[in-house]
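# Residue-level structural notes
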Amino acid sequence: MEHPNGMSENEKIYNVIIIGSGPAGYTAALYTARANLAPLLLAGSLDPKTSRIKGGQLMLTSDIENFPGTGEGISGPELMGRMEKQALHFGAEMVEEFVTEVDLVSAPGKIYTIHTESGTVYRTRSIIIATGAAARTLGIAAEEKFFGQGGGVSTCATCDGHAYKGKTVAVVGGGDSAMEEASYLARLVEKVYLVHRRDEFRASKIMLHRAKENPRIEFMLHKVIVDIKGKPHPAAANVPFYKDKEVVANAVLKDTQSGEQSEIAVDGIFVAIGHTPNSDLFRNVLRMDETGYLEHDGRMRAIPSAMCASAQMRGMEYVPGVFVAGDVSDHMYRQAITAAGMGCQAAIEAERYLAEALAQTAGVDATVVDLSPEGIAESHWTRHADGATSPVMDRVVEASLHPNCDVAESK
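On a predicted model such as this, the values are computed, not experimentally measured, just so you know.

When helices and strands are tallied, the protein shows 10 helices and 19 strands. Evaluated residue by residue, the protein yields a buried proportion of 52% over its 411 residues. The long-range fraction of contacts in the protein, counting pairs at least 24 apart against all pairs at least 6 apart in sequence, stands at 61%. When the accessible area of the protein is evaluated, it comes to approximately 19,500 Å², of which 49% is carbon and sulfur surface.

Right, let's talk about the pairing of strand E12 (residues 191-196) for a bit. Burial analysis of E12 places five of its six residues in the buried class, which makes it a mostly covered element. Two elements, strand E11 (residues 168-172) and E12, share five bridges in a ladder whose sense is parallel. Directly across from Val171, in E12, lies its bridge partner Leu194. This β-α-β element, E11 to helix H5 (residues 176-186) to E12, shows right-handed connectivity. Sheet analysis places E12 next to strand E13 (residues 217-221), joined by five bridges and oriented parallel. What sits directly across from Val192, in E13, is Ile217.

What follows concerns the confidence of the model for the protein. Per-residue confidence for the protein gives a mean pLDDT of 88; residues scoring 70 or more make up 90%. Note on residues 1-7: pLDDT under 50 across the span, and 13 contacts to partners over four residues away in sequence or across chains. A low-confidence stretch, residues 406-411 (pLDDT under 50), is modelled with 16 contacts involving residues beyond four sequence positions or located in other chains.

It is the contact of H5 with helix H6 (residues 205-212), at a shortest axis distance of 9 Å, that shows an interaxial angle of 35°. Read as a crossing pair, H5 and H6 show a hand that is left-handed. Only Met207, Leu208, Arg210 and Ala211 of H6 make contact with H5, whose side of the interface consists of Asp176, Met179, Glu180 and Ser183. Along the lines of polarity and charge, the residues of the contact of H5 with H6 split into four nonpolar, one polar and three charged.

Looking now at the side chain of Thr168. Counting through the fold element by element, Thr168 comes out in strand E11. You can call Thr168 buried: its relative accessible area is 18%. In this structure Thr168 touches Lys191, Tyr193, Ala265, Val266, Asp267 and Gly268, once residues within four positions along its chain are discounted.

We describe a pair of aromatic rings using the distance from one ring centre to the other and the angle between the two ring planes. Enumeration according to the criterion identifies four aromatic pairs in this entry. Judged by centre distance (6.3 Å) and plane angle (70°), the ring pair of Phe323 and Tyr353 falls under edge-to-face. Pair noted here: Phe323 is in strand E19 (residues 322-324) and Tyr353 is in helix H8 (residues 336-362), with a separation of 30 residues, a long-range link. Note on Phe323: relative accessible area 1%, which makes it buried. Across the ring face of Phe219, the terminal group of Lys212 is positioned such that the distance to the ring centre comes to 6.0 Å.

Parameters at a glance
- Residues numbered from 1 in each chain as written.
- Predicted model: local features only at pLDDT ≥ 70, side-chain atom pairs only at ≥ 80, totals over all residues.
- Heavy atoms only, no water.
- Helix = DSSP H or I, 4+ residues; strand = E, 2+ residues; numbered from the N terminus.
- Buried < 20%, exposed > 50% of the residue type's maximum accessible area, 1.4 Å probe, protein only.
- Contact = heavy atoms within 4.5 Å.
- Areas by Shrake-Rupley, 256 points an atom, 1.4 Å probe, with all protein chains shown as cover.
- Pairing = 2+ DSSP bridges.
- Right-handed = clockwise from strand over helix to strand, strands pointing away.
- pLDDT = per-residue confidence, 0-100.
- Axes fitted to C-alpha atoms, helices over the stretch in contact; angles between N-to-C directions.
- Left-handed = near helix turned anticlockwise from the far one by under 90°.
- Nonpolar A, V, L, I, M, F, W, Y, C, P; charged D, E, K, R; others polar.
- Phe/Tyr/Trp six-rings, centres within 6.5 Å; stacked < 30°, edge-to-face > 60°.
- Lys NZ or Arg CZ within 6 Å of the ring centre and 35° of its normal.

This is how it looks when you write it as structure tokens:
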């Protein structure tokens, strides 16, 4: 593959490559672009059947009301489109394809290589992993028909619950997430059916007790949803786009003990049976918890796995130049705003890592250029224009060209 400047991707070395889009990836791209690092974003594709969809899980969310600055609400695809546009405006480069292999072992702290589905090989000095997580689904044929975009099947109550005010919904699951979603929805809707395949729960006692004490939540135990029936979309008669579309009308339940089937009338189904982090690319290379979420050292720096084939990496506290952000490393909050915050943190840490490496190579005294997290963060408070703090990498370059000049407060 040829790069626009005539250099092949195998020859070009990026300062930073971001793997994955969504709030974490787009925010990391925005921050590194404004730092003049010319980042490359490997964003995935628009294929909705993959958990690595470009734009992340919000591409399947109808309305978002809890992302600051979006007024009364915004659709997930529109918010992701705005984030993408902003990152590209400030100089990020984006390629819409999937990563198939990442080599962190051959030269840790030097140059990393990334392979994509097209066979292209990219080289980079640093990597931000923002591959996200995929919500587990029911796995039935009817589910895809109603999933996302207001069809009635969702994996995020805080994202979509407001659309069901005064209605009846079902929540599927038996863990803390299911109890939390059911309790949250009970404040909005008329009735919540909590559907669980057993009568034992993974949920904590306090979360389970809270749900059981809520008069709007009815437990339906030893039940699984095996089919979903629909009805015409409310806007089908007036909006051509919805002419042939349906929304959820009934959930078909099967008793796991007797096998008998029954139906409940519901307006929405919220699936809360867990998430799977998209971290398989880094198994036995980077440290992750028992469910696959990547771990970091508190400064978003990835930690090597004890199973890593490289003895050199196993001896490191963290992998130099490799950072994690967003839902691939967050099993607790899983919100767009927390993912964006982690993307910002990872970007600033990547900028600091690159600036320190450049300063060492150029022989720049670290006391001359402010490479503290606070100093780097300050450079992002305003656009890099006349009178604004310049990017830290630019200050390192200036210090190397004018070694006797104090550029710590360079404007």
